[in-house]
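# Architecture and fold: a report
What follows is each chain in one-letter form.
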Amino acid sequence: MGYETLIVDVEDHIGLIQLNRPDALNALNQQLLNELAEAVTAMGTNDKVRVIVLTGNEKAFAAGADIKEMQEQSFVDMFNSDFFTDQTEAILRCRKPIIAAVSGYCLGGGCELAMMCDFILCSDTAKFGQPEINLGVVAGIGGTQRLTRFVGKSKSMEMHLTGRFMDAEEAESSGLVSRVIPAKKLMKEVMATAAKVAEKSPLTAMVVKEAVNRSYETTLREGVLFERRLFHSLFASEDQAEGMTAFAEKRTPKFRGK
Ligand code: DAK
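Residues numbered from 1 in each chain as written. Predicted model: local features only at pLDDT ≥ 70, side-chain atom pairs only at ≥ 80, totals over all residues. Heavy atoms only, no water.

A count of helical and extended segments in the protein chain gives 12 helices and 10 strands. Its C-alpha atoms give the protein chain a radius of gyration of 19 Å, within 12% of the compact-globule value 18 Å for 258 residues. Judged by the C-alpha coordinates and their principal axes, the protein chain covers about 60 × 45 × 40 Å. Among the 258 residues that make up the protein chain, the fraction classed as buried is 42%. Total accessible area on the protein chain stands at roughly 14,300 Å², and carbon and sulfur atoms take up 55% of it. (Helix = DSSP H or I, 4+ residues; strand = E, 2+ residues; numbered from the N terminus. Rg over C-alpha atoms; globule rule 2.2 N^0.38 Å. Buried < 20%, exposed > 50% of the residue type's maximum accessible area, 1.4 Å probe, protein only. Areas by Shrake-Rupley, 256 points an atom, 1.4 Å probe, with all protein chains shown as cover.)

Next comes the structure, spelled out in structure tokens:
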């Protein structure tokens, strides 16, 4: 499938998706989100892909939803089309790990998209923000909910109410991103991190994703029980046998996702 707003590549079990509307700072329009949903869905069922990397360019991961496209929409338009719901749900349905590699602006819907990924690695030039209030609207694909879970109520509230941007250092210290990397080395380090994930059991990686995400949806007691049952169930897999045998034999395991 050819894409107009994405550059897509699959190599060494890593699916790389680059948002590609550089003239609009990768603003998320319908076409881009449709293509992104399609690319993520395709990688989700492609056996060659074990982990997905989602990135933008040096200036912007994405500067938000496309304001020019939204400008003329009415409530009825938004409601009838259930704006962006299908696309974002397709991304959230992906069971494989998705790493967001962020440089430059990561604002509004762009920040929300990064937060939908499983973890965020960013460059020292990254700027995060939820500036929707400057446009007379509020975040619409999870910003008020996910940012609050990442950084806590006070900082999230301040970000949403003032629209101010957060730099990479603050994003790391407040738990929004897992690591900050010098801009020139970002993609090399992200691909090395993705390679580490790709060499693990793809079955177990999906289980990890499901277990960690469950912590947002349930009580501690139920979450721990869910984790324990997943742990038990992995003893039905070939990858568990391979991982433990390889350890005992002092060799590198070869996981097949079985
Ligand atoms: N939309 C459309 N075009 C954008 C854009 C955006 N979000 N951000 C930048 N651009 C375009 C600019 O218009 C400009 O285009 P030309 O004038 O060259 O044609 C080009 O990208 C370069 O931008 P600038 O000239 O402004 O570049 P600067 O370096 O001077 O400034 C900036 C960079 C990021 C500070 C500035 O561009 C900016 O403030 N951009 C807007 C940021 C923003 O407000 N983002 C939030 C958008 S609202 C929902 C789902 C999602 C959402 C809501 C609801 N539902 C499901 C209900 C999400 C809403 C949003 O994200």
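And the narrative resumes.
With that settled, the discussion passes to the pattern of salt bridges. Counting across every chain of the model gives 11 salt bridges. A salt bridge links Arg-179 to Glu-189; the shortest N-O distance between them is 3.1 Å. Note that Arg-179 is positioned in strand β10 (residues 179-181) and Glu-189 in helix α9 (residues 186-198), a separation of 10 residues in sequence. Arg-251 is the salt-bridge partner of Glu-242, the closest N and O atoms lying 2.8 Å from each other. Overall, Glu-242 belongs to the buried group, its relative accessible area being 17%. Relative accessible area serves as the criterion here: at 34%, Arg-251 is assigned to the partly exposed category. Overlapping salt bridges bring together Lys-155, Glu-158, Arg-164 and Glu-170 as one network. (Salt bridge = Lys/Arg side-chain N within 4 Å of Asp/Glu carboxyl O.)

This paragraph deals with helix α4 (residues 85-93). Because an α-helix completes one turn every 3.6 residues, residues spaced three or four positions apart along the sequence face the same direction. Of all the positions in α4, only Gln-87, Thr-88, Ala-90 and Ile-91 are classed as buried. The buried residues of α4 all sit within an arc of 155 degrees when viewed along its axis, so they share a single face. Turned more than 90 degrees away from the buried face of α4, the exposed residues are Asp-86 and Arg-93. In this structure, the buried side of α4 is in contact with α1 (30-44), β5 (98-102) and α5 (109-116). (Arc of directions from axis to C-beta. Contact = heavy atoms within 4.5 Å.)

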